[in-house]
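Residue-level structure breakdown
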Amino acid sequence: MSDAYIFFKEGKPGYAPILMLHGTGGSEEDLVNIADFLSPNSPKLGIRGRLIENGRTRYFNHTEDGGFDLDSLDSETDWLLETIKETFAEHHLDPTQAIVVGYSNGANIAAYSWLNGKDTPFRTAILFHPMLLTDATITRSLDDIKVWDSYGANDQIVSPQSFFALNSSLKVAGAQVTSFQHQSAHKITDEELTSAKKWINQINLNI
Ligand code: MLT
């Protein structure tokens, strides 16, 4: 895709690829150290959100009144999924085996794609500090989906209501959800990373 900024790092053959989706203001390379910690041998692929709001990269826009722009969210999710399929094919990787490692804005668009009827190839995700962007419109069972997600009790961006509504939407649709909470804010802590790594090793993926 000509308009996508992509990061790719080779892995060892047979290891599940990690798909990195950054937070607001981030880039395609942002999460590589975290991904290396979680699964050192996996190929790593990052895709930058193509929108810029107030000078910061994002996967979808806000409306003028500060809400989420649901049209932008819908069309940018389609763009991201298409870019994932094309980029994985270019690197001879299977997107259905991918483990998403997403933070904040990147985690949100991954969860949205599952909850809103998109043809989403990936089935496993580590979502750091996600939230529910809009009501789910479930069109298929998510019983093949495994999610680990995290929440900070002092997060100024993600409310407890939004985090727990996201988890409940995923669970109602059949996804297996494992959550981790800390007392910190909207940031990724060492204890959170250790928990995510433990989970990824437990779910028996090839990592
Ligand atoms: C979003 O816009 O996805 C959330 O508010 C989180 C963030 O600010 O990135």
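The rules we used
- Residues numbered from 1 in each chain as written.
- Predicted model: local features only at pLDDT ≥ 70, side-chain atom pairs only at ≥ 80, totals over all residues.
- Heavy atoms only, no water.
- Helix = DSSP H or I, 4+ residues; strand = E, 2+ residues; numbered from the N terminus.
- Rg over C-alpha atoms; globule rule 2.2 N^0.38 Å.
- Buried < 20%, exposed > 50% of the residue type's maximum accessible area, 1.4 Å probe, protein only.
- Core = buried A, V, L, I, M, F, W, Y, C linked by side-chain atoms within 4.5 Å.
- Contact = heavy atoms within 4.5 Å.
- Pairing = 2+ DSSP bridges.
- Right-handed = clockwise from strand over helix to strand, strands pointing away.
- Axes fitted to C-alpha atoms, helices over the stretch in contact; angles between N-to-C directions.
- Near = heavy atom within 4 Å.
- Polar contact = N/O pair within 3.5 Å; in protein donor to acceptor, adjacent residues only side chain to side chain.
- Areas by Shrake-Rupley, 256 points an atom, 1.4 Å probe, with all protein chains shown as cover.
- 1 Å grid on protein atoms, 1.4 Å probe; cavity = no way out; pocket = protein on both sides within 12 Å on 5 of 7 lines; lining within 4 Å.
- Sits in = over half its atoms within 2 Å of the grid points.

What about the overall build of the chain?
Within the chain one finds five helices and nine strands. Ordered by position from N to C terminus, the α and β elements of the chain give β-β-α-β-β-β-α-β-α-β-β-α-β-α. In terms of C-alpha radius of gyration, the chain reaches 16 Å, essentially the compact-globule figure of 17 Å for 207 residues. Considering only C-alpha atoms, the chain reaches an extent of 45 × 40 × 35 Å along its principal axes. The buried share of the chain, reckoned over its 207 residues, is 52%.

Observations concerning the nonpolar core
Within the largest apolar cluster, 40 residues are counted, with the highest numbers of intra-cluster contacts made by Leu 19, Phe 122 and Leu 170. Contributing elements (two or more residues each) for this core: strand S2 (18-21), strand S3 (44-47), helix H2 (70-90), helix H3 (105-115), strand S7 (124-128), strand S8 (146-152) and helix H4 (160-172). Take this core: its biggest share by element is seven residues, from H3. With residues up to four places along the chain from it excluded, the contact list for Leu 19 reads Leu 45, Ile 47, Ile 84, Phe 88, Ile 99, Val 100, Val 101 and Phe 122.

Re the pairing of S3
Of the two faces of S3, both are covered, the one formed by Lys 44 and Gly 46 as well as the one formed by Leu 45 and Ile 47. Here strand S1 (residues 6-9) pairs with S3 via four bridges, running antiparallel. Bridging from a neighbouring strand, Phe 7 pairs with Gly 46 of S3. Note: S2 against S3, three bridges, orientation parallel. By the bridge assignment for S3, Ile 18 is matched with Lys 44. Following the chain from S2 across helix H1 (residues 32-38) to the adjacent parallel S3, one finds a crossover that is right-handed.

Thoughts on the sheet that holds S2
Across the sheet, which stays open at both edges, the seven strands sit in the order S1-S3-S2-S6-S7-S8-S9 with mixed pairing between neighbours. Either end of the sheet is taken by a strand with one partner, and the two such strands are S1 and strand S9 (176-182). Sheet twist, expressed as the mean angle between neighbouring strand axes with direction ignored, is 15°. Both S7 and S8 contribute to a ladder of five bridges, which runs parallel. Bridge pairing links Thr 124 to Lys 146 in S8. Most of the contacts of H4 go to S8, to which it runs at about 170°, and overall it touches S8 and S9. With respect to the sheet, helix H5 (residues 190-202) is in contact with strand S6 (99-103), S7, S8 and S9, its orientation differing from that of S7 by roughly 170°.

As for the environment of Thr 194
Inspection of the secondary structure puts Thr 194 in helix H5. For the pair formed by Thr 194 and Leu 38, sequence separation is 156 residues and the distance between their alpha carbons is 8.4 Å.

Remarks on the site of the ligand
What surrounds the ligand is the set Thr 24, Arg 58, Phe 60, His 62, Phe 68, Ser 104, Asn 105, Asn 108, Met 131 and Ile 157. A distance of 2.9 Å separates an oxygen atom of the ligand from a polar atom in the side chain of Asn 105. Between the ligand and Asn 108 there is a distance of 2.8 Å, counted from an oxygen atom to a side-chain nitrogen or oxygen. In the complex, 88% of the free accessible area of the ligand, which totals 260 Å², lies under the protein chains. For the ligand, the cavity whose grid points lie within 2 Å of the majority of its atoms is the largest pocket.

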